[in-house]
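Residue-level structural notes
What follows is the residue order along each chain.
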Amino acid sequence: VDLATRATDLARTGKSLYVQARALGELGSLQLVLGEKAKARASIEEALRIDRLNRYDWEPRHLLYLAWVTGAEPDSNLDKAIEIATSARDLASTKEEYLVFIQASTFLGLAYVHNGQVNSGIQILKQAQDGRSDHGGSLFQRPATYQAAVALPFVKVVFLEALAMAYQAGQHSE
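Summarised in this report is the structure supplied together with it. (Residues numbered from 1 in each chain as written. Predicted model: local features only at pLDDT ≥ 70, side-chain atom pairs only at ≥ 80, totals over all residues. Heavy atoms only, no water.)

Points about the environment of Ala4
Condition: Numbering of helices and strands runs from the N terminus, with a helix taken as a DSSP run of H or I at least four residues long and a strand as a DSSP run of E at least two residues long. The contact criterion used is simple: two residues touch if any of their non-hydrogen atoms lie within 4.5 Å.
Within the secondary structure layout, Ala4 lies in helix H1 (residues 2–14). When the C-alpha positions of Ala4 and Gln31 are compared, they lie 9.6 Å apart, and in sequence the two are 27 residues distant. With near-sequence residues (within four places) excluded, Ala4 lies in contact with Leu27 and Leu30.

Pasting the structure below:
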């Protein structure tokens, strides 16, 4: 966190809003991991303001971080976290940000499972794994590139782990 705080301070003095937005987002993510939820929200919301004013590419990632913070807060509103994560996922799909799309999809799938909507959660995870929308169409302009990313061993494990947790929660045997 100290390094991320220093990076944020340097970005502010360097006057680069692009670097500042990135540093704030990563600082917020680290603050969340340390349980500093209020600080994390403030850092991430500031990063998002900069992203939106300048149309920076960090917005999908920072939206996802905001969803994570919202879901982790003591007075957690999981429905609001799902709404924010859905926005992050949709934006990531539009911008071909595969990693953010995958992270948002796994968060959404497991959030639905946590909310008792096991089948919906499993469906989100399976569709994300295939890169398909609810209507069966591709979510990406370059579906072959997305499939190549999903074929990577680490990404396969991420989806398999999320699906296993969803099936276990729903007592499915698939």
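Some words on the pattern of salt bridges
Oppositely charged side chains are able to pair whenever their charged atoms sit close together. The condition that has to hold: Criterion for a salt bridge: a side-chain nitrogen of Lys or Arg within 4 Å of a carboxyl oxygen of Asp or Glu. Relative accessibility thresholds used throughout: buried, under 20% of the residue-type maximum; exposed, over 50%; partly exposed, between the two (1.4 Å probe, protein chains only).
Under the defined criterion, the tally for this structure stands at six salt bridges. Between Glu26 and Arg22 there is a salt bridge, with its nearest N and O atoms 3.5 Å apart. In this pair, Glu26 and Arg22 both sit in helix H2 (residues 17–33), four residues apart, roughly one turn of the helix. Classification of Glu26 by relative accessible area gives partly exposed; the value is 24%. For Glu83, the salt bridge goes to Lys80, with nearest N and O atoms at 3.3 Å. Of the two residues, Glu83 and Lys80 are both situated in helix H5 (residues 78–94); the distance of three residues between them amounts to about one turn of the helix. We classify Glu83 as partly exposed; its relative accessible area is 47%. Among the residues examined, Lys80 registers a relative accessible area of 37% and is labelled partly exposed. Among the charged side chains, a salt-bridge network with shared partners connects Arg41, Glu45 and Glu73.

Remember, this is a structural readout, not a statement about activity or role.
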